[in-house]
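Chain by chain, the residues run as shown.
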Amino acid sequence: MEIGGFAGTRTLNQLIKSQLLYQLSYEAKSWNGPASERRLACQPSFDSVPPRASLPFGLLLQALEPKLLFDFVNLLPPTFQDVLNAQTTLSGVANRTLVMRSRTLDSMSGARLFFKCENFQRVGAFKFRGAYNAVSNLDAVAAANGVVTHSSGNHAAALALAAKLRGIRATIVVPRDASRVKVAAIERYGGLFEFCDPTIASRESTAERIRKETGATLIHPYNNPFVIAGQGTAALELLEDMP
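What counts, and where the lines are drawn
- Residues numbered from 1 in each chain as written.
- Predicted model: local features only at pLDDT ≥ 70, side-chain atom pairs only at ≥ 80, totals over all residues.
- Heavy atoms only, no water.
- Helix = DSSP H or I, 4+ residues; strand = E, 2+ residues; numbered from the N terminus.
- Buried < 20%, exposed > 50% of the residue type's maximum accessible area, 1.4 Å probe, protein only.
- Contact = heavy atoms within 4.5 Å.
- Areas by Shrake-Rupley, 256 points an atom, 1.4 Å probe, with all protein chains shown as cover.
- Phe/Tyr/Trp six-rings, centres within 6.5 Å; stacked < 30°, edge-to-face > 60°.
- Patch = residues over 30% accessible without salt bridge, like charges linked within 9 Å, V, L, I, M, F, W, Y side chains within 5 Å.
- Salt bridge = Lys/Arg side-chain N within 4 Å of Asp/Glu carboxyl O.
- Core = buried A, V, L, I, M, F, W, Y, C linked by side-chain atoms within 4.5 Å.

Novice: What am I meant to see in the overall build of the chain here?
Specialist: Along the chain, the regular secondary structure elements total 12 helices and 6 strands. Considering the chain as a whole, with its 243 residues, one finds that 46% of them fall into the buried category. Once local pairs closer than 6 in sequence are excluded, the contacts in the chain between residues at least 24 apart make up 66%. For the chain, the accessible area works out to roughly 12700 Å², and carbon and sulfur atoms hold 56% of it.

Here is the structure:
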């Protein structure tokens, strides 16, 4: 069964190797299919599994919704190596922001405080790190269909800019009561936007409709391993600069 289109990332193979195949092997134990298919599903050797290929899970995968697999993959926690990879991806693109101190706040708090000034980051927020890392990890097929998200703030502008830098379409679902300044920023960075009711349910359902209609990849504001890894580079820089 071809599952190459459901994740659209170059690192799908690694994700499968680390956790997805292991999880599916447990599901196979209670599956009533032929023993040969169960053994194939539980096969511990991953060397023959090419990225974005037809994986030999037979009816096991056919019984599962592709979107459920997509959601499972995107819930896998990133590793420290993912943060290091994100740092490489962001090098020369994201600003390495200053770390500043305040004697007054140190005195008031009785501690030594260090401030990572991500207000000087592109789009004025650390959210650019995660959005750019996520967009950069899309393969060519997924990128051609663009990206979609729901956000009323900095992630919206960050994804619009990240998509612009890669030359792909970004559609942002924005609640009708969103700040006009935020909407103007999305438009300035080249993002398309669609208004929705100011509820989480409306945001998510509108984004899902656009995803289905256009084939765009959903880049969730925070529930995405590449977004998380990208944001983690801010802490990595802080620890490097202030060991």
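On we go from here.
Novice: I tried to follow the environment of Ala-163 on my own but got confused; where do I start?
Specialist: Relative to the elements of secondary structure, Ala-163 occurs in helix 9 (residues 154–166). Along the chain, Ala-163 and Val-148 lie 15 residues apart, while their C-alpha atoms are 9.9 Å from each other. When sequence neighbours within four positions are dropped, the list of residues in contact with Ala-163 reads Val-135, Val-147, Ile-168, Arg-169 and Ala-170.

Novice: Just to check I follow, could you spell out the packing of aromatic side chains for this structure?
Specialist: The way to describe two aromatic rings as a pair is by their centre distance and the angle between their planes. Enumeration over the complete set of coordinates arrives at 2 aromatic pairs. Between the aromatic rings of Phe-193 and Phe-195, the centroid separation amounts to 5.4 Å while the plane-to-plane angle is 65°, which identifies the pairing as edge-to-face. For Phe-193, a relative accessible area of 29% puts it in the partly exposed group. Phe-195 sits in the partly exposed class, given a relative accessible area of 30%.

Novice: Just to check I follow, could you spell out a nonpolar patch on the surface for this structure?
Specialist: Taken together, the side chains of Leu-98, Met-100, Leu-105, Met-108 and Phe-115 define a hydrophobic patch exposed on the protein surface, amounting to about 490 Å² of accessible area. With respect to the helices and strands, Leu-105 occurs in helix 6 (residues 103–109).

Novice: So what exactly am I meant to see when it comes to the nonpolar core here?
Specialist: One broad trend across soluble globular proteins is that nonpolar side chains are buried collectively. Among the nonpolar cores identified, the biggest contains 33 residues, and Val-123, Phe-128, Val-147, Leu-159, Ile-168, Ile-172 and Tyr-189 are the most heavily contacted of them. Residue assignment for this core shows that the elements contributing at least two residues are helix 7 (127–136), helix 8 (140–144), helix 9, strand 4 (170–175), helix 10 (180–188) and helix 12 (225–241). Per-element accounting of this core gives the leading share, 8 residues, to helix 9. Aside from chain neighbours lying at most four places away, what touches Leu-159 is Ala-131, Val-135, Val-147, Val-148, Thr-149, Ala-170, Ile-172 and Ile-219. Among the nonpolar cores identified, the runner-up in size contains 6 residues, and Val-148, Ala-207, Ile-210 and Ala-216 belong to it.

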